Amino acid sequence: MRLTTFVGLLLATCLAAPAAMAQSAPLKSPADFAGIADEAARSRALFEEAGKVIQSPRCQNCHPVGARPTQGDDMHPHLPLVVRGADDQGAIAMRCITCHQTANFQPAGVPGAPKWHVAPVAMAWQGKSLGAICEQIKDPARNGKRSLAQIHDHMAHDELVGWGWHPGGTRIAAPGTQVQFGELIDAWIKTGAACPTP
Ligand code: HEC
Ligand code: HEC
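None of the values given here were measured: they were computed from a predicted structure. (Residues numbered from 1 in each chain as written. Chains lettered and ligands numbered in written order. Predicted model: local features only at pLDDT ≥ 70, side-chain atom pairs only at ≥ 80, totals over all residues.)

Caption draft 1: How the structure looks around the overall build of the protein. Along the protein, the regular secondary structure elements total eight helices and four strands. Taken from N to C terminus, the helices and strands of the protein fall in the order α-α-α-β-β-β-β-α-α-α-α-α. Out of the 198 residues in the protein, the part that is buried amounts to 28%. (Helix = DSSP H or I, 4+ residues; strand = E, 2+ residues; numbered from the N terminus. Buried ≥ 20, exposed ≤ 12 C-beta atoms within 10 Å, placed from the backbone.)

What follows is the structure, encoded as structure tokens:
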């Protein structure tokens, strides 16, 4: 039996099958901010709206400051104990993809998406203010050498980001939809990508 199958069966027997997914919060659209005349103030307000997604547990759990990812809406340390390891994909004997498949595994409640692994320390968000996260996301030295256009593309299309709206189990999905989130980030960039005060 493959190790992943074995772990899957093990988890299936240990964890209860999840019920229906809880309702997520709505997101405003860029048009809702048209009344803010000052462009920089409008830009900050757009990022604060997008921040409802960025600061949701679905994103934060995978952008930890320390060695361990977190789980659940209360963001408790990952159980079983796993660490990011040298390449952010787990320790040699405890790779993330041993348990996390390319899609959610509903019977055992294990979330999944292609290339499941933890965000590098440079991209850590937990415990940081939205303003600090904003500055970090714009900084090519800390955002994986991405331009603002590439940041938009990542937010709007990346599969790990997209998982936030299809988290499986009883997890609450990120607010709004990924399309709406992408539109907010696009509008934020077009208004000068101003950051809230850290
Ligand atoms: C399963 C883990 C996982 C989840 C869940 C996740 N991320 Fe990430 N995130 C990563 C990894 C890994 C990287 C680094 C990828 C790279 O640089 O190619 C990353 C990088 C990023 C980046 C790029 C650079 C930067 O400045 O941080 C953004 C933006 C981002 N994630 C947004 C989000 C948002 C928004 C959500 C929630 C809707 C989310 N992520 C959920 C793992 C995750
Ligand atoms: C031994 C199996 C196993 C390994 C290895 C593992 N995980 Fe998990 N992970 C789980 C299970 C099971 C859950 C679901 C727990 C729950 O929701 O109660 C989970 C949940 C998560 C969540 C929570 C998602 C959310 O928003 O609630 C994140 C984030 C996560 N894992 C990241 C990782 C990362 C990153 C790695 C590698 C460093 C990893 N996991 C390695 C079994 C594992």
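After presenting the structure, the write-up continues.
Caption draft 2: Main features of the confidence of the model for the protein. Mean pLDDT over the protein stands at 91; residues scoring 70 or higher make up 89%. Here residues 6–20 is a poorly scored stretch, pLDDT under 50, and it has 18 contacts once near neighbours within four places are set aside; other chains count. (pLDDT = per-residue confidence, 0-100. Contact = placed C-beta atoms within 7 Å.)

Caption draft 3: The site of ligand 2, seen in detail. Neighbouring ligand 2 are 25 residues, the closest being Asn61, Gly90, Cys96, Cys99 and Val118. Looking at the shell around ligand 2, the elements with two or more residues in it are α1 (3–14), α3 (57–60) and α4 (96–99). Take the shell around ligand 2: its biggest share by element is three residues, from α4. (Near = placed C-beta within 6 Å.)

Caption draft 4: Local environment of the nonpolar core. Membership of the largest hydrophobic core comes to 22 residues, with the highest contact counts inside it found for Leu46, Ala50, Leu184 and Trp188. Elements with a contribution of two residues or more to this core: α2 (39–54), α5 (130–138) and α8 (178–190). For this core, the element with the most residues is α2, which contributes six residues. Leaving out residues up to four positions away in the same chain, Leu46 has contacts with Pro30, Phe33, Leu184, Ala187, Trp188 and Thr191. (Core = buried A, V, L, I, M, F, W, Y, C linked by C-beta atoms within 7 Å.)

Caption draft 5: Highlighting α2. With 16 residues, α2 should cover 22 Å at 1.5 Å per step; its first-to-last C-alpha distance of 22 Å lies within 8% of that length. Considering only its buried residues, α2 is in contact with α3, α5 and α8. (Expected span 1.5 Å × (residues − 1).)

Caption draft 6: Fine view of the site of ligand 1. As a structural note, the neighbourhood of ligand 1 is formed by 24 residues, with Cys59, Cys62, Met123, Asn143 and Gly164 the closest of them. The set of elements that each furnish at least two residues to the shell around ligand 1 consists of α2, α3, α5, α6 (148–157) and α7 (159–163). Each residue belonging to the shell around ligand 1 can be placed in one class, and the counts come to 16 nonpolar, seven polar and one charged. (Nonpolar A, V, L, I, M, F, W, Y, C, P; charged D, E, K, R; others polar.)

Caption draft 7: Structural context of unusual backbone geometry. Cis geometry is adopted by the peptide bond preceding Pro80, which originates at Leu79 and carries an omega value of 0 degrees. By secondary structure assignment, the location of Pro80 is in the loop between β2 (76–77) and β3 (90–91). Even without being a glycine, Lys145 presents a positive backbone phi close to 60 degrees. Considering the arrangement of structural elements, one finds Lys145 in the loop between α5 and α6. In the Ramachandran plot, Ala193 falls in the positive-phi region, its phi being about 50 degrees despite a non-glycine side chain. Within the secondary structure layout, Ala193 lies in the segment after α8. Exposure remark for Ala193: the 19 C-beta atoms within 10 Å place this residue in the partly exposed category.

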